[in-house]
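# Results of the structural survey
These are the residues of each chain, in order.
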Amino acid sequence: MDKQDTSELQSSPAMNVAVLGATGSIGTATIDVLHHLDRIDPTKTWNLWAASGHRNVGLLGELAGQFERPPHQIVLSDPESAAAFAAGTMLAKTKIKTGPDALVEIASAPEVDVVVAAIVGRAGLESTLAAIESGKRVALANKETLVVAGSLVQASLQKTKSDRRCAEVLPVDSEHSAIFQCLGDKESSEESENRCKPRKLILTASGGPFRNASIQQMHDATPQLALNHPTWDMGPKITIDSATMMNKALEVIEARWLFDIPAESIEVVVHPQSIIHSMVEFEDGSVIAQLSPPDMRLPIQYALTYPRRLPCETPALDRTRQWDLMLQPVDRERFPALDLGFEVARVGGTAGSVVNAANEEAVGLFLEGKIRFTDIVPACRRALEHHHFEPQPSLSRLLELDRWARAEVRKQYAT
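Residues numbered from 1 in each chain as written. Predicted model: local features only at pLDDT ≥ 70, side-chain atom pairs only at ≥ 80, totals over all residues. Heavy atoms only, no water.

Per an unreviewed UniProt entry, the protein chain is named 1-deoxy-D-xylulose 5-phosphate reductoisomerase, and its organism is Novipirellula rosea. According to its UniProt record, the protein chain has this under Function (unreviewed entry): "Catalyzes the NADPH-dependent rearrangement and reduction of 1-deoxy-D-xylulose-5-phosphate (DXP) to 2-C-methyl-D-erythritol 4-phosphate (MEP)." The heading Pathway (unreviewed entry) in the UniProt record of the protein chain holds the text "Isoprenoid biosynthesis; isopentenyl diphosphate biosynthesis via DXP pathway; isopentenyl diphosphate from 1-deoxy-D-xylulose 5-phosphate: step 1/6." (UniProt positions renumbered as here; feature names shortened; annotations may be inferred.)

Take a look at the structure:
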């Protein structure tokens, strides 16, 4: 989005926000941010125009009922839950819908200014693409959209720029938000951009619950142990991804597309304290980092209000105490997911769709107790190696391979 368009968006008296995946950890944090902004922002009102969830009708109704202006639309992906919600809701003026087409409808609705894409996994792909194609600001928490279809997202963004709809994708992942902030204003002059050319994007990883575990300990790990993340409160799928470091592998792929930078210019380091969210090394060797206590409300708010910075309810970094800001290299032998992520980031094409789908299926099998923790990444590797790679797939082909990879993983562990 160019400066003129950004200015017009920020000067609007009302900001209508659609939160897709409202009942997840990012979604509920976004609701908190919207309440906060509506209280402290003197220039506009912040509205929850639409929200979606899967089947948690109680939480979705509670979130929607918190607003003086109830949302215009609510979408539930589970039809039975949608019917139950419609029958029991007190939100008389709110339309209740179900299914992926309804998500696309919300994402492309002309009344919506910002779409918060917080649906976990591949399920968020079509609605995120629809929001981009409609020229929206997308606050992207759904990294799988770029992992699966990064080239299609880039092409769609370029198309909206050429026809002056000027969609923009702003990262919500704390690591990518940190890099976005470290890189500074993308709208700066060409001369300034040349002076500030990044040499490396350095993603930080907490190391998860198994940062110091042996391979044998990970082999024997239960879902309960793997879900015990030391610093972040996330949903089960993302928490398991953190434990395998597949989340960091996916973030490498996301960074490759989000910042249009080759995989060779991306690094990952372990930072257990989760205070340094990521860093950028520039051509002259200077490294700029973004630091804050681990709280997702900060990157969410920045994506909503960019380029403005407003007071945030997140705690400030306590500079009256001593901080140990440790940086360590990743042990690639114990965390093979990272090599897989860099490989996918290098080759692009259909690789991301296959690995992402295989990982989602394998994580589900692990949480069900059907495979071991150390089976997850090998299952993804086998699916990648067994598929027919295509460098420039269509969306329909990516979705076809998504279904194939899930079936392939189930077949690997069929009893």
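## Digging into the overall build of the protein chain
A tally of regular secondary structure across the protein chain gives 18 helices and twelve strands. Taken over the C-alpha trace, the protein chain has a radius of gyration of 21 Å; the compact-globule value for 415 residues is 22 Å, and the two agree within 12%. For the C-alpha atoms alone, the extent of the protein chain along its principal axes is close to 55 × 55 × 45 Å. The buried share among the 415 residues of the protein chain stands at 54%. Roughly 18,100 Å² of accessible area belongs to the protein chain as shown, and the carbon and sulfur atoms make up 51% of that amount. If the 42 positive side-chain charges of the protein chain are averaged to one point and the 54 negative ones to another, these points end up 1 Å apart. (Helix = DSSP H or I, 4+ residues; strand = E, 2+ residues; numbered from the N terminus. Rg over C-alpha atoms; globule rule 2.2 N^0.38 Å. Buried < 20%, exposed > 50% of the residue type's maximum accessible area, 1.4 Å probe, protein only. Areas by Shrake-Rupley, 256 points an atom, 1.4 Å probe, with all protein chains shown as cover. Lys, Arg positive; Asp, Glu negative; His and termini not counted. Charge placed at Lys NZ, Arg CZ, Asp CG, Glu CD.)

## Here's the deal with the sheet that holds strand 12 (residues 328-329)
Pairing is mixed across the open sheet formed by five strands, whose spatial order is 11-10-8-9-12. Every other strand in the sheet has two partners, leaving strand 11 (287-291) and strand 12 as the edge strands with one partner each. In the packing of helix 8 (residues 174-183) onto the sheet, contacts are made with strand 8 (198-205), strand 10 (276-282) and strand 11, and the angle to strand 10 comes to roughly 40°. (Pairing = 2+ DSSP bridges. Contact = heavy atoms within 4.5 Å. Axes fitted to C-alpha atoms, helices over the stretch in contact; angles between N-to-C directions.)

## Remarks on the packing of aromatic side chains
Here the structure, examined in full by the defined rule, presents five aromatic pairs. Ring geometry for Tyr302 against Tyr306: centres 5.6 Å apart, planes inclined by 75°, an arrangement best described as edge-to-face. As far as the burial class goes, Tyr302 and Tyr306 line up, both buried. Residues Phe366 and Phe373 carry aromatic rings whose centres are separated by 5.6 Å and whose planes lie at 70° to one another, so their mutual orientation is edge-to-face. The pair Phe366 / Phe373 is uniform in exposure class, with both members buried. Through a chain of ring-to-ring contacts, the aromatic side chains of Phe180, Tyr302 and Tyr306 assemble into a single cluster. Against the face of Trp257 rests Arg256, its NZ or CZ located 3.8 Å from the ring centre. Arg321 extends its terminal NZ or CZ atom over the ring of Trp323, reaching a point 3.8 Å from the ring centre. (Phe/Tyr/Trp six-rings, centres within 6.5 Å; stacked < 30°, edge-to-face > 60°. Lys NZ or Arg CZ within 6 Å of the ring centre and 35° of its normal.)

## Description of the sheet that holds strand 7 (residues 168-171)
In space, the seven strands of this open sheet follow the order 4-3-2-1-5-6-7, with parallel pairing throughout. Each edge of the open sheet is held by one strand with a lone partner, namely strand 4 (95-98) and strand 7. This sheet shows a mean twist of 25° between the axes of neighbouring strands, independent of strand direction.

## Details of the side chain of Ser265
Counting through the fold element by element, Ser265 comes out in the loop between helix 13 (246-258) and strand 9 (266-270). Ser265 has contacts with Arg199, Lys200 and Leu201, leaving out every residue within four places of it along the chain.

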